[in-house]
Amino acid sequence: MRPVVFLTAGLLAVTTLSGCGSGETTGEPLAGPDIAPATRERIKDGGTLRWAVDSVPQTLNAFQSDADATTTRVAQAVLPAMFRLDAQGRPQRAPEYLESAEVVRTEPKQVVLYKLNQAAVWSDGREIAAADFAAQWNALSGRNSAYWTAHNAGYDRIEKVERGRNDLEVKVTFARRYADWRSLFSPLYPKEVTGTAEAFNNGARNELELTAGPFTVKSVDRERGGVTLERNGRWWGEPAKLDRIELRAVPREKRTAELVAGRLDVADVDAAQARRIDSAAPGPQGTPAPGGGSAAPLMGPGAARAGTPLLLAGAPGAGPADTADAAAATVSWAVLHGSDEKAATAERTARAKRAEAEKRFTAEQKGLSKFAVRKSLEPAYTQLALNGSEGPLADERVRRAVARALDREELAKTVLGPLGLPTDPVGSHVALAGQPHYADGSDALGGHDTEEALALLAEAGWKEGGPVEAPPTGAAGARPATSPSASGSPSPSPSARKDDGDATYVVGQDNKPARDAGEQQGGGMPGAYAPRGTAAPAGPEAAQLAKNGKPLSLRFVLPAGPGSESLRTVGDRIQQMLRRVGIRTEISRVPDDGYFKDHIANGQYDLALYSWPVSAYPATDARPIFAKPVPAADGSLVVEQNYTRVGTDEVDQLFERAITELDEEEGRELMRRADERIWTAAGSVPLYQRPQLVAAQRTVANAGAFGFRTPSYEDIGFLAG
């Protein structure tokens, strides 16, 4: 889901950042969609696609606070969207619903005119019309608190919505200019859902009687854990190839077993599961397999040798170790034929168990050979967050020193290299490579430079030597109970797609608690992969710095769950990098269920790793993430979604200008300038774009790792023949 809280800032004078213009823009995404594309003629009609999701949604209303990623997936398949995203993350008009949509007037007020496709109807046959647009605006405008809405971005800027010259025209007049007007009315709900507060709050929680997409909602079964979508017979576009889509709630750690059993066709997987699937690919490893997808192995330390089980004994999903270790086989033979009958009996029992494991492993590999891993990069990035509300990191020079001490290229390679994905570090806080707003603004801060980091720390008064007071009793780096809290801001739960149950944290996508990814090898969490056993970076360690008798020590908070193993590996690498400049970090591993709510949202950390999704509308969606915190009446801070508590009036003003700038290129330039200043403030350091790994049956076409792109559900299906 998009960010759900917003801050209105006053207009202030803007000064230019001398010596720093926008960086190089990137024309193409680092990794495009990997969906095994096929023309509709190659796809058979009919069939049921079984698609793993993390949960059965608590609501089908995407504008409510407990909507989640499954809510979004259902909405994409069954509801109108005026604009969809292409492979570069750019909004494109959806011709099934819109003949055109454009700004027809800017003075005295901005007016957008929508011309609807005359064939577009709800599933009861009623035309999609201005009344549906007006009802949704009324529900989301923020003027009526009886509507339980999660956010009202953009809708709060509308003055009125009315019928145009005929039923196929909708005229939207804005009270305040809004550059991101294309983000509105996507999805669009029927007026029967948005027309009253009661209908909005409760009418779409368990069902959607009226839809207008290639599919309809047949059922939501929370007991059995699934949502069933059926082909919409009233759909006027290209008919859906599939008869139905079953969205099945399957925990991450159980997905391999479900794939093997033939109960799933498509599932997001972690790195360990992906390696297991690739090891089962038919033919020589690295040879493209039929049906699309990438059969090449995920390379890196721990990759399986050809002809041997991927995982050794003791690892999750492991095959029998004696097939990979000739020395062990020799020892086994010696024991079996030795004079110690008790040992020989035990060895015969062990051999029988290994034989059974071999048989089971072979059967599992046969089942997994039907699948391919489709890989891309999702529209989200992992960052190192620096809490600037108090302590050493309240000094911008110290934050900048931390950032300059990081080798972001090395961290990106650690995460993405073993997956065979591009390893470029992220250069922007507001967009990703390939998006129109993207430009690498990191030069505003500067790259990895240990000497410069040491100089910044010295300037801030942190030096080697001198007396150091003993730390207070208690947890290292623990904050007092009086630390500022995030008053007035919701605590978005980590979305289990970072992720989806894998305990890497993506903010703002849903309100579900993170779920463990189960046992994983080699760091099985999307966004923080690192092969098990990978050594920490080598390098000289600087003497610890101190100031006024206090050591420079920071509390680095990480989740403690089993699915966070690789995230902790990334944290360990960062810890080693900071030691080279005299900064000590005390890593505090905390329970997953309280990681965000109790630590990040409440400011109980110095350093932390979590992720932000990136949208096509950064002036709207990135604004609350970087808005300057403001004092509340009770003395706490209203931080919106800026959990680093680092913000400036200048950044707020640039966002305000960008959100009202209707010249698209000028708006992009304003966002690039805002990003440069966010880099300079060093409240967060983008590290890498998160990987997207999807296991798909080889005959499944037009589905997999979509990257930026909105899926075309009507084109998904099974290859014919």
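Above this text is the structure in question.
For the structure given in this document, a descriptive report is provided here. (Residues numbered from 1 in each chain as written. Predicted model: local features only at pLDDT ≥ 70, side-chain atom pairs only at ≥ 80, totals over all residues. Heavy atoms only, no water.)

1. Describing the sheet that holds strand S5 (residues 111-116)
Across the sheet, four strands lie side by side as S4-S5-S7-S6; this open sheet has antiparallel pairing. Of all strands in the sheet, those with a lone pairing partner are strand S4 (98-105) and strand S6 (158-163), marking the two edges. When the angles between neighbouring strand axes are averaged without regard to direction, this sheet yields 15°. Inspection of the sheet shows S4 paired to S5 by six bridges, in the antiparallel sense. Of the residues in S5, the one forming a bridge with Val-103 is Val-112. Set on the sheet, helix H2 (residues 130-140) makes contact with S5, S6 and strand S7 (169-174); between it and S6 the angle comes to about 160°. (Pairing = 2+ DSSP bridges. Helix = DSSP H or I, 4+ residues; strand = E, 2+ residues; numbered from the N terminus. Axes fitted to C-alpha atoms, helices over the stretch in contact; angles between N-to-C directions. Contact = heavy atoms within 4.5 Å.)

2. Focus: helix H11 (residues 450-459)
Every buried residue of H11 is listed here: Ala-453, Leu-456 and Leu-457. Looking down the long axis of H11, one finds its buried residues gathered within 100° of arc, a one-sided arrangement. Of the exposed residues in H11, those oriented more than 90 degrees away from the buried face are Glu-451 and Glu-459. Along its buried surface, H11 packs onto helix H9 (396-405) and strand S14 (545-547). Where H11 starts, the residue carrying a side-chain oxygen 3.1 Å from the main-chain nitrogen of Glu-451 turns out to be Asp-449. Directly beyond the C-terminal end of H11, a positive phi value near 95° is found at Gly-461. (Buried < 20%, exposed > 50% of the residue type's maximum accessible area, 1.4 Å probe, protein only. Arc of directions from axis to C-beta. Polar contact = N/O pair within 3.5 Å; in protein donor to acceptor, adjacent residues only side chain to side chain.)

3. Thoughts on the pairing of strand S10 (residues 244-249)
Sheet analysis places strand S1 (residues 48-53) next to S10, joined by six bridges and oriented parallel. Its bridge partner being in S10, Val-53 is matched across the sheet by Ala-249. Alignment of strand S9 (residues 226-231) against S10, held across five bridges, turns out to be antiparallel. In the strand pairing of S10, Gly-226 is matched with Arg-248.

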